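Now for the letters of each chain:
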Amino acid sequence: MDDFIIRAKELTKSYGKVRAIDNLSININKGGLIGLIGRNGSGKTTFMKLCAGLLDKNEGELMVLNGEPMNNLEVSEKLVYTYHNIEYSKKIKLIDIIYSFKIMYKNFDEYFALKLLKFFDINSKDKYIQLSQGMMSTFNFICALATRAELTMLDEPVLGMDITVRKAAYEVLLRDYSEYPRTIIISSHILSELEGMLSEILLINKGKLLFYKDIEEIQQIAYRADGRGDVLKDYCRDKKVLYSKIGEFDSFSIIYGKLTEELIDMTKARNIALSKVRPEDLCGYLTQDHKEDELKCLWKK
Ligand SMILES: Nc1ncnc2c1ncn2[C@@H]1O[C@H](COP(=O)(O)OP(=O)(O)OP(=O)(O)O)[C@@H](O)[C@H]1O
């Protein structure tokens, strides 16, 4: 048995001249709640659609659930891919969509789906077209969750949901995952809300893989040093710096390496405070374009 649910080797998908997925190689472990993180246009949707067999690759290899995903019924019945604004026919009622999921997925829990609709105050007799953006996201999330598919891919599942619904959706997701462990990949650019529930993070940027690591490992990639500008510059001289901001009032650097008690003790005398970097901030530092100068110029005549 393969321990990996997805294996990609030198995978590339282009739209014209845009390489949405660019020579990406990765083996994704079976089981876990995995965050697929990246900025707008980084290739998250394209990667999920390739894995779901909704798009064909240009180059490389891709195996999902031990098979090639394109035109492969054996693979597609074991996975679900959902996004917030799936287009259904205008007249279709939610209850009919629920029935169609029941036909497509042998493990679909219709009773659970109906209970969730009630929990989120959505009427199963309503037409899909009548739903607000947030309700559509909620409905699609419910259907995907109730399939209990071995590989569940949720593309920006909370888009449009208000904060109360979002929190409830995360709670439902976490509880359902603990009742029925499987592989759930969630794409998002808001990592802060997901951070506490994820076991692993996969960060992509401009179609390339930056890292795929478990959450504890990520906290050891880099640390933050705060101090006076000149002191900090001197401290960073022999270090690998990921990002630095030397300002009039606050100066800090993000430095590659593991934060240890010993390091913290050693910097105290130099008036430098070391601290952990949150995964969300780390992903931000790794993928941001440094546009500080451009930003300052925006108001120049
Ligand atoms: N159908 C398409 N035709 C042309 N270019 C496309 C198409 N779909 C995506 N792209 C381009 O491919 C790149 C990756 O897009 P993709 O939708 O996969 O990114 P994403 O990470 O999901 O973005 P977002 O977070 O904004 O949803 C972008 O540059 C995008 O403009």
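Residues numbered from 1 in each chain as written. Predicted model: local features only at pLDDT ≥ 70, side-chain atom pairs only at ≥ 80, totals over all residues. Heavy atoms only, no water.

Asker: Give me the lowdown on the sheet that holds strand 2 (residues 18-29), citing residues and values where you can.
Answerer: One open sheet accounts for three strands, arranged 2-1-4; its pairing is antiparallel. With one partner strand each, in any of the chains shown, strand 2 and strand 4 (59-64) form the two edges of the open sheet. Pairs of neighbouring strands in the sheet enclose a mean axial angle of 20°, with direction left out of account. Across five bridges, strand 1 (residues 4-15) lies against strand 4 in antiparallel orientation. Counted as the bridge partner of Arg7 is Met63 from strand 4. (Pairing = 2+ DSSP bridges. Helix = DSSP H or I, 4+ residues; strand = E, 2+ residues; numbered from the N terminus. Axes fitted to C-alpha atoms, helices over the stretch in contact; angles between N-to-C directions.)

Asker: Summarise the site of the ligand; cite the residues concerned and give the values.
Answerer: Lining the immediate surroundings of the ligand are 13 residues, of which Asn40, Gly41, Lys44, Thr45 and Thr46 lie closest. Lys44 is positioned such that a nitrogen or oxygen atom in its side chain is 2.7 Å from an oxygen atom of the ligand. Within the side chain of Thr46, an N or O atom sits 2.5 Å from an oxygen atom of the ligand. Coverage of the ligand by the protein amounts to 58% of the 630 Å² it exposes when considered alone. (Near = heavy atom within 4 Å. Polar contact = N/O pair within 3.5 Å; in protein donor to acceptor, adjacent residues only side chain to side chain. Areas by Shrake-Rupley, 256 points an atom, 1.4 Å probe, with all protein chains shown as cover.)

Asker: Can you lay out the packing of helix 3 (residues 94-104) against helix 5 (residues 133-147) for me, pointing to particular residues and giving the numbers?
Answerer: Interaxial distance between helix 3 and helix 5 falls to 10 Å at its minimum, and their mutual angle equals 25°. Regarding the angle of helix 3 to helix 5, the classification is roughly parallel. Note on packing geometry: the crossing formed by helix 3 with helix 5 is right-handed. Together, Leu94, Ile97, Ile98 and Phe101 of helix 3 and Phe139, Cys143 and Thr147 of helix 5 make up the contact between the two elements. Grouping the amino acids of the contact of helix 3 with helix 5 by side-chain chemistry returns six nonpolar, one polar and no charged. (Parallel < 35°, antiparallel > 145°, perpendicular 65-115°, else oblique. Left-handed = near helix turned anticlockwise from the far one by under 90°. Contact = heavy atoms within 4.5 Å. Nonpolar A, V, L, I, M, F, W, Y, C, P; charged D, E, K, R; others polar.)

Asker: Before we move on, can you summarise the nonpolar core with the specific residues and values?
Answerer: Counting residues in hydrophobic clusters, the biggest one holds 56 residues, and the most contacted among them are Phe139 and Leu173. Top contributing element to this core by residue count: helix 5, with eight residues. Taken domain by domain, the makeup of this core includes at least three residues from each of domain 1 (4-213) and domain 2 (222-276). Residues contacting Leu173, with those up to four places away along its chain left out, are Leu33, Phe141, Leu145, Leu154, Ile184, Ile186 and Met197. Among the nonpolar cores identified, the runner-up in size contains 28 residues, and Ala52, Val75, Ile185 and Ile204 belong to it. (Core = buried A, V, L, I, M, F, W, Y, C linked by side-chain atoms within 4.5 Å. Buried < 20%, exposed > 50% of the residue type's maximum accessible area, 1.4 Å probe, protein only. Domains from an automatic or database assignment.)

Asker: Let's hear about the sheet that holds strand 5 (residues 79-83): which residues, and what values?
Answerer: Paired through their backbone hydrogen bonds, the strands of a sheet run either parallel or antiparallel. Spatial strand order, 5-6-7-3-8-9: six strands in an open sheet with mixed pairing. With partners counted over all chains shown, the strands left at the sheet margins are strand 5 and strand 9 (208-214), one partner each. Geometrically, the sheet is characterised by an average inter-axis angle of 15° between neighbouring strands, direction not taken into account. Sheet analysis places strand 3 (residues 32-37) next to strand 7 (residues 183-188), joined by six bridges and oriented parallel.

Asker: An account of the packing of aromatic side chains is needed here, citing residue identities and associated values.
Answerer: As enumerated under the stated definition, the model contains nine aromatic pairs in all. With a centroid separation of 4.7 Å and an interplanar angle of 85°, the aromatic rings of Tyr88 and Tyr128 are classed as edge-to-face. With Tyr88 in the loop between strand 5 and helix 3 and Tyr128 in the loop between helix 4 (110-119) and helix 5, the pair connects residues that are 40 residues apart, well separated along the chain. According to the relative accessible area criterion, Tyr88 is partly exposed, its value standing at 25%. Taking relative accessible area as the criterion, Tyr128 reaches 4% and is therefore assigned buried. (Phe/Tyr/Trp six-rings, centres within 6.5 Å; stacked < 30°, edge-to-face > 60°.)

Asker: Just give me the short version of the UniProt feature "domain: ABC transporter" (unreviewed entry) in the protein, but keep the residues and values in it.
Answerer: The residues that UniProt annotates with the feature "domain: ABC transporter" (unreviewed entry) are residues 6-231. From the first C-alpha to the last, residues 6-231 spans 46 Å; its make-up is 34% helix and 30% strand. (UniProt positions renumbered as here; feature names shortened; annotations may be inferred.)

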